[in-house]
Amino acid sequence: MTAPTTIPASSADTFWADADRYLTRYAGAGDFTRKIIDRAEGSVLFTEDGEEILDFTSGQMSAILGHSHPEIVATVRRQVAHLDHLYSGMLSRPVVDLARRLAETLPAPLEKALLLTTGAESNEAAIRMAKLVTGKHEIVSFARSWHGMTNAAANATYSAGRKGYGPAVPGNFALPVPNAYRPDFTTADGELDWRRQLDFGFELIDAQSVGSLAACIVEPILSAGGIIEPPVGYFAALHEKCRERGMLLILDEAQTGLCRTGNWYAFQRDGIVPDILTLSKTLGAGLPLAAVLTSAEIEQEAHDRGFLFFTTHVADPLVAAVGNTVLDVLARERLDERAAELGGFLRRGLEAIAERHPVVGDIRGRGLLVGLELVLDRETKQGSDELGALVTRRCLELGLHMNIVQLPGMGGTFRIAPPLTATEEELSRGLAILDEAIGDATTRLG
């Protein structure tokens, strides 16, 4: 065994040889993007060899203020030199300030916050809390859900990652996804009959349940599931289904929270308040920060029953300070309004592309979280993973990073989520690249 060495930057060939030799691949069948990213600023990534790449995914759907936002940079520099990390039983002002300020952005009774690191961790804590408070163990989530890769979160995830890892935790049930573009229950005029679908879903769940339904955890807009947004009225009806069964409703707003959809929180559209809310990605604007928010009543019951979620980085002051800065910028710049305006601009651009390219089957989403689904035929809605892969590669060649849904049969659906700080000029440039890439890919596919 020898001591690790630090060496000067190597050639690209050596870099990829080292990456292939020393890194564990973690993206399933996917591979690393073969670009060496050197730095990033705003909506743009810069490679080592001088390429500029527009980032239409906000990093991992997280950097809502763009990359290297000057106020985030200043906060990190100041806080890391002042107070970065503590014993988990100690508190600091940034943590208490962030908890209070998050509560102030939310409707009653959501006022108790637990500050953590990742979306998976926040969902793990929320599910653990729900099980403890209700005294039950069964969890319901959407059939195309993605809630994380830790134990309870992974067992409530159905979009990927279930095969090959042994038995799932007993008592996890999948609920059909209300997909208006591809409805499985329809009205007489062919539209999605989501009420009948929801009733049917819970009939199946009730038939399988052993009488221990604890919670339902769902995303307001399913992201990895294809940017699918349930229709208005659905979440109110889902909330009622939970109430009838003594279940808690957990909303996972990892990607929809904090202004991305044009509202501070996506659930505001539906006039409901969840029992537990989880935030992550957008809260840290690219840094590892997450939160679980609930009512004082639920928190008290959890505490009385000995709720335990004591982790190494719970309530860390460094990222809490970043969270406070994120809230500062969101409020001052009115980025909820900006997301709505830019979302309208983006949608109009995508609709213009759809007029030129018959392979564009559907445009959906809200604000700056938009889905674009490519199909081989608009009538049959036949998808094409190959077409999606071709468009993705061509976009990258032309200087635009686009994220395709990494699910078999859904590889023609793009998740478009540029930073809330993007300019109309940047959106226009990205739309022009996408337009060209779709044209090139369809020509190549024949």
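In the block above lies the structure referred to throughout.
Note that the structure is predicted; figures quoted are calculated from it, not measured. (Residues numbered from 1 in each chain as written. Predicted model: local features only at pLDDT ≥ 70, side-chain atom pairs only at ≥ 80, totals over all residues. Heavy atoms only, no water.)

### Here's the deal with helix α8 (residues 234–244)
Looking only at α8, the buried set comprises Tyr234, Phe235, Ala237, Leu238, His239, Lys241 and Cys242. Gly246, located one to two residues past α8, shows a positive phi value of around 70°. (Buried < 20%, exposed > 50% of the residue type's maximum accessible area, 1.4 Å probe, protein only. Helix = DSSP H or I, 4+ residues; strand = E, 2+ residues; numbered from the N terminus.)

### Observations regarding the sheet that holds strand β2 (residues 44–47)
Taken in spatial order, the 4 strands of this open sheet run β1-β2-β3-β14, and their pairing is mixed. The sheet is open, and its two edges are formed by β1 (37–41) and β14 (400–401), each paired on a single side. Note: strand β3 (residues 52–55) against β14, 2 bridges, orientation parallel. Paired with Leu54 across the strands is Leu400, a residue of β14. (Pairing = 2+ DSSP bridges.)

### Focus on the packing of aromatic side chains
Under the definition given, this model contains 9 aromatic pairs. Taken together, the ring pairs connect Phe142, Trp194, Tyr234 and Phe235 into an aromatic cluster. In this arrangement the basic side chain of Arg39 is found over the ring face of Phe46, its NZ or CZ atom lying 3.9 Å from the centre. Here Lys381 stacks its cationic end above the ring of Tyr181, 4.4 Å away from the centre of that ring. (Phe/Tyr/Trp six-rings, centres within 6.5 Å; stacked < 30°, edge-to-face > 60°. Lys NZ or Arg CZ within 6 Å of the ring centre and 35° of its normal.)

### Considering the sheet that holds strand β8 (residues 248–252)
Strands in a sheet are paired, the pairing made by backbone hydrogen bonds, and the direction either parallel or antiparallel. Pairing is mixed across the open sheet formed by 7 strands, whose spatial order is β4-β10-β9-β8-β7-β5-β6. For this open sheet the edge positions go to β4 (110–116) and β6 (172–175), each flanked by a neighbour on one side alone. If you compare each strand with its neighbour and ignore which way they point, the axes differ by 20° on average. Across 4 bridges, strand β7 (residues 213–218) lies against β8 in parallel orientation. If you follow Cys216 over to β8, its bridge partner there is Leu249. (Axes fitted to C-alpha atoms, helices over the stretch in contact; angles between N-to-C directions.)

### Side note on the nonpolar core
Ranked by internal contacts, the top residues of the largest apolar core, which has 113 residues, are Leu102, Leu238, Leu330, Leu350, Leu372, Val391 and Leu434. Of the residues forming this core, the biggest block, 8 residues, is contributed by helix α12 (residues 335–356). In this structure, Leu372 is in contact with Leu350, Val360, Asp362, Ile363, Gly412, Thr413, Phe414, Ile416, Leu434 and Ile438, ignoring residues within four places of it in sequence. In this structure, Met61, Ile221, Ile227 and Leu369 belong to the second largest nonpolar core, which totals 5 residues. (Core = buried A, V, L, I, M, F, W, Y, C linked by side-chain atoms within 4.5 Å. Contact = heavy atoms within 4.5 Å.)

### Comments concerning the side chain of Asp362
Among the secondary structure elements, Asp362 is positioned in strand β11 (residues 360–366). Overall, the relative accessible area of 19% leaves Asp362 in the buried class. Only 2.7 Å separates the side chain of Asp362 from the side chain of Arg364, close enough to count as a polar contact. Residues in contact with Asp362, not counting those within four places in the same chain, are Tyr181, Gly371, Leu372 and Glu373. (Polar contact = N/O pair within 3.5 Å; in protein donor to acceptor, adjacent residues only side chain to side chain.)

### Side note on the pattern of salt bridges
Throughout the structure, instances matching the rule amount to 26 salt bridges. One salt bridge connects Asp97 with Arg100, and the closest N-O pair in it is separated by 3.6 Å. Separated by 3 residues within a single helix, Asp97 and Arg100 lie in helix α4 (residues 93–105), roughly one turn from each other. The exposure class of Arg100 is partly exposed, given its relative accessible area of 43%. With its nearest N and O atoms 2.7 Å apart, the salt bridge here joins Arg305 to Glu301. We classify Glu301 as partly exposed; its relative accessible area is 30%. (Salt bridge = Lys/Arg side-chain N within 4 Å of Asp/Glu carboxyl O.)

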